[in-house]
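Coordinates in review
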Amino acid sequence: MKRPTRAGLVAAGILASLSGCSPEPEAPSAAPVEAEEFGQAKQGERAYDPGAGWNLSWQDDFTGTSLNTGAWTVLTSNWDPVTNNCNFGTGELEYPRAQNVTVGNGKLVIAAERTADNPTDSRCGGQFRSFYSGRLHTKGKVEGRYGKIVASIKIPPGYGMWPAFWTLGSNIQSAGWPAAGEIDILEWHSNEPTWMKSALHWHNGGQADWGTGASRGVDLSQDFHTYEVEWNANSIVFRLDKDFVSTATFGHNETEFQQPHYLILNLAMGGNWYGHPSPNSIDLPWGARKTMEVEWVRWYQPGGSQSLGLTNAGFEQGLTGWTTWSPNGTANAAISETYNGGHSGSYHLTHWTSGAPYEAWTYQTKTGLAAGTYKLRAWVRKGGAFNFARFQVKTCGSCAAAVNNLGTYGGYTLVETPAVTVPANGYLEFGLHSSTPTNNGSSFIHVDDVELVRL
């Protein structure tokens, strides 16, 4: 995998090579907002209105005293197990660990501090790090395609600080970087403190990059601001505090931006964007901590019913993202295979029997859902005899399920569950639950293109 630059607006030598990018984006023509409009005295929760026609599909408001691990995974090494690289491909100087990611007082806090411990992962060949910090992502937990993705963030000041709010394509482990696609919503560089830098990376016969940005006219590290991308099948536009629009809009048809992505928040130090500075030059004194604070993260979809992206909804990556349970170890029935093709793609989920009875429950979960009414849809075909075959969704592990008792379908047929009501920051567990009697090798259920829909 090539080493990502993760910043479309970087050193002038790199900028000059990016198609459609100028080395220094011009500031918006509107008059700069005076710094005194901001300030900690006025900071409650940063308000945000997505505008007419947008509905909230998922959010995390970081309430309580612990991270919602149903939505987020915290990295605990300078080896990234998702992308299989050291120091995140950018030569960053930090070592992520769990104790540097905390939740309290309605905020997620990612803290950076200098260390003399020289931590490193054994797979990184003695590449010792000089700082502790935090990095977390939603892969396999919160993934989706298109919409408005927004967060209220306060970034830390100082040379070498590299806070980021961004996405990667959910197929990163199979496609690699940059073929999975990357959307950098926020990156900040101390040399241009008034600018939100945004970028895109994909593959087009090689690494392809595009960069833009928006300036507020004040040092962004002095207060909370909202950082946003509006993403659809044809265009991507970035906004700072909603009204400050990026200097350019990206018109596209790249496949990397037509598929689900997952979210990442991290606070890096140094690295290639800063020209690989020495640890001693980073503006983080011994004994001090600098923090990236996040009030909330929200994902909106256009009005009407919205489809929430699921992990591996078409089973093109085996059973990645799905869990199978059975009461007596009979889950050999749940596989993903090529038999007779899928509704789309080559693969699908299969529940079947090869002569032994079984019961299997193949499911996925979603947490942090917006309050509303939801139902599950999928394309199904089914034959043979079953004790039961239930396409279902429920609001807790022990709750009664909303069930579609599946019939016989000779070809792929769109089925859906009854609707269920979910409270704010809600939970859903959903999938296929079936059981077959013995000696019935012709019994099968094929499920493909699963979709969780908010009505």
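Residues numbered from 1 in each chain as written. Predicted model: local features only at pLDDT ≥ 70, side-chain atom pairs only at ≥ 80, totals over all residues. Heavy atoms only, no water.

Points about unusual backbone geometry
Residue P178 is bonded to the preceding W177 through a cis peptide linkage, with omega at 5 degrees. Along the chain, the position of P178 falls in the loop between α2 (172-175) and β13 (182-187). Positive phi, close to 55 degrees, is recorded for N105, a residue that is not glycine. When you line up the elements, N105 lands in the loop between β6 (101-104) and β7 (107-114). A relative accessible area of 77% places N105 in the exposed class. (Helix = DSSP H or I, 4+ residues; strand = E, 2+ residues; numbered from the N terminus. Buried < 20%, exposed > 50% of the residue type's maximum accessible area, 1.4 Å probe, protein only.)

What about empty space enclosed by the protein?
With the rule as written, the count across this model stands at three cavities of 30 Å³ or more. By volume, the second largest cavity amounts to about 90 Å³. Secondary structure elements with two or more residues in the lining of the second largest cavity: β1 (54-60), β10 (143-144), β21 (289-302), β22 (306-308) and β26 (358-369). Broken down by class, the residue content of the lining of the second largest cavity amounts to five nonpolar, five polar and three charged. (1 Å grid on protein atoms, 1.4 Å probe; cavity = no way out; pocket = protein on both sides within 12 Å on 5 of 7 lines; lining within 4 Å. Points joined across faces, edges and corners; volume = space filled by probe spheres on them. Nonpolar A, V, L, I, M, F, W, Y, C, P; charged D, E, K, R; others polar.)

Some points on the pattern of salt bridges
Per the counting criterion, the structure on display carries 15 salt bridges. Across the pair R289 and E113 runs a salt bridge whose closest N-O atoms are separated by 3.3 Å. Taken together, the residues span a long stretch of sequence, with R289 in strand β21 and E113 in strand β7 at a distance of 176 residues. For R289, a relative accessible area of 48% puts it in the partly exposed group. Note that E230 is salt-bridged to K148, the shortest N-O span being 3.9 Å. (Salt bridge = Lys/Arg side-chain N within 4 Å of Asp/Glu carboxyl O.)

As for the environment of E416
With respect to the helices, strands and loops of the structure, E416 is situated in strand β30 (residues 409-416). By relative accessible area, which is 32% here, E416 ends up partly exposed. Through-space distance from the C-alpha of E416 to that of R377 is 4.2 Å; in sequence the pair is 39 residues apart. Residues within four places of E416 in sequence aside, it is in contact with K375, L376, R377, F391 and N404. Polar contacts involving the side chain of E416 include one to the side chain of R377, which spans 2.9 Å. (Contact = heavy atoms within 4.5 Å. Polar contact = N/O pair within 3.5 Å; in protein donor to acceptor, adjacent residues only side chain to side chain.)

What about the side chain of S435?
Take S435: it is sitting in strand β32 (residues 426-436). Note on S435: relative accessible area 8%, which makes it buried. Of note is the side chain of S435, whose polar atom sits 3.0 Å from the backbone oxygen of Y358. Contact partners of S435, with chain neighbours within four places excluded, come to Y358, E359, F386, N387 and F388.

What to know about the pairing of strand β11 (residues 147-154)
Consecutive side chains of a regular strand alternate in pointing toward one face of the sheet and then the other. Most of β11 is tucked away, with eight of its eight residues classed as buried. Of the two faces of β11, the one holding G147, I149, A151 and I153 and the one holding K148, V150, S152 and K154 are both buried throughout. Examined bridge by bridge, β11 and strand β16 (residues 225-231) share seven bridges and lie antiparallel to one another. The residue bridging I153 from the neighbouring strand is H225, located in β16. By the bridge criterion, seven bridges tie β11 to β21 in an arrangement that is antiparallel. Its bridge partner lying in β21, K148 is registered against Y300. (Pairing = 2+ DSSP bridges.)

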